[in-house]
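Each chain, written out:
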Amino acid sequence: MKAHLTYFDGRGSGESIRLILATVGIEFEETYLQDAAHVNRLRQAGDLLFMQVPMLEIDGMKLVQTNAIIRYIARKYDMYGKTLEQKTRIDVLYDGARDFIIKFLYTGWNKGMEEDSKSVKENAVPRYLPVFEKELYCSSSDYFVGDDLSMADLAVLESLLYCDEYFPDVLEDYPKLREFKDRLSSLPRIKAFLNGPQRKGKNTEEYIMHCRKVWGWI
């Protein structure tokens, strides 16, 4: 049985789940939230433990909380390091990359697309990219931790894809990260996902308005 993701028809927190599912080769289907009544039905059925999405149905479970979902998949498919030290380092880098990604996820939600993206470029980019560039430079392999692809690598990749999309020239100052992004994006499963229909587009005003309506914020 295929995994099943319930979320919006947009990136948001669901995109990181889509990326790791595609990377490990798990086929999945999706249900998109249509309106507030849809969310209420899920809540009343007891499907949403903390009353929010994304929700992933996999291996007989209904999992919520983005990071818990990603860690479950990473543990199952050996993307979480081999030693306690590696696992902890992966957590540190993954959490840092998630913080960076979230800056992009909220683009358009606060002061509008232009102002929000300007803030990300001026504040978040110089905060995170130099750290990741240095970490990759100091690594003894092609990955951030150990010799194998980890969930930290995928999180950094996702942040770099956002950078490339919003600020096309910004990675020119970070050659190790640019090479890392290009190399991982060329891996067959990741490449297929990035070029396929299950990858969502970046935020639009229409998407943000739909999300607000579903949550009952307007």
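Our subject is the structure listed above.
Residues numbered from 1 in each chain as written. Predicted model: local features only at pLDDT ≥ 70, side-chain atom pairs only at ≥ 80, totals over all residues. Heavy atoms only, no water.

Chemist: Just to check I follow, could you spell out helix α2 (residues 36–44) for this structure?
Modeler: Residues lying three or four places apart along an α-helix face the same way, a consequence of the helix completing one turn every 3.6 residues. For α2, the full list of buried residues reads H38, V39 and L42. The buried residues of α2 occupy an angular sector of 95° when the element is viewed end-on, so they sit on one face. Projecting away from the buried face of α2 at angles above 90 degrees are the exposed residues R41 and Q44. Looking at the buried positions of α2, the neighbouring elements they touch are β1 (3–7), β2 (28–32), β3 (55–58) and α9 (205–214). The N-cap residue of α2 is D35: its side-chain oxygen and the backbone nitrogen of A37 are 3.3 Å apart. Count one or two residues on from α2 and you reach G46, which has phi positive near 80°. (Buried < 20%, exposed > 50% of the residue type's maximum accessible area, 1.4 Å probe, protein only. Helix = DSSP H or I, 4+ residues; strand = E, 2+ residues; numbered from the N terminus. Arc of directions from axis to C-beta. Contact = heavy atoms within 4.5 Å. Polar contact = N/O pair within 3.5 Å; in protein donor to acceptor, adjacent residues only side chain to side chain.)

Chemist: Where do I start with the side chain of D153 in this structure?
Modeler: Locating D153 in the fold gives a position in helix α6 (residues 151–166). Nearest to the buried, unbridged D153 among oppositely charged side chains is R183, at 7.2 Å. At 3.0 Å, the side chain of D153 and the backbone nitrogen of F144 are in polar contact. Sequence-distant contacts of D153, defined by excluding residues within four places in its chain, comprise Y143, F144, D148, F180 and L184. (Lys, Arg positive; Asp, Glu negative; His and termini not counted. Salt bridge = Lys/Arg side-chain N within 4 Å of Asp/Glu carboxyl O.)

Chemist: Sorry, what's going on with the layout of surface pockets here?
Modeler: Any empty space left between atoms is shown by rolling a water-sized probe over those atoms. Size it by volume and the largest pocket reaches roughly 540 Å³. Secondary-structure elements contributing two or more residues to the lining of the largest pocket are α3 (66–76), α4 (84–105) and α9. For the lining of the largest pocket, the leading source of residues is α4, giving three residues. Tallied by class, the residues present in the lining of the largest pocket amount to 13 nonpolar, seven polar and one charged. Around the second largest pocket, the lining is made up of 13 residues, and of these K103, N110, D116, S119 and V120 lie nearest the centre. Elements represented by at least two residues in the lining of the second largest pocket include exactly α4 and α5 (113–138). Of the residues forming the lining of the second largest pocket, the biggest block, seven residues, is contributed by α5. Residue classes in the lining of the second largest pocket are distributed as four nonpolar, four polar and five charged. (1 Å grid on protein atoms, 1.4 Å probe; cavity = no way out; pocket = protein on both sides within 12 Å on 5 of 7 lines; lining within 4 Å. Points joined across faces, edges and corners; volume = space filled by probe spheres on them. Nonpolar A, V, L, I, M, F, W, Y, C, P; charged D, E, K, R; others polar.)

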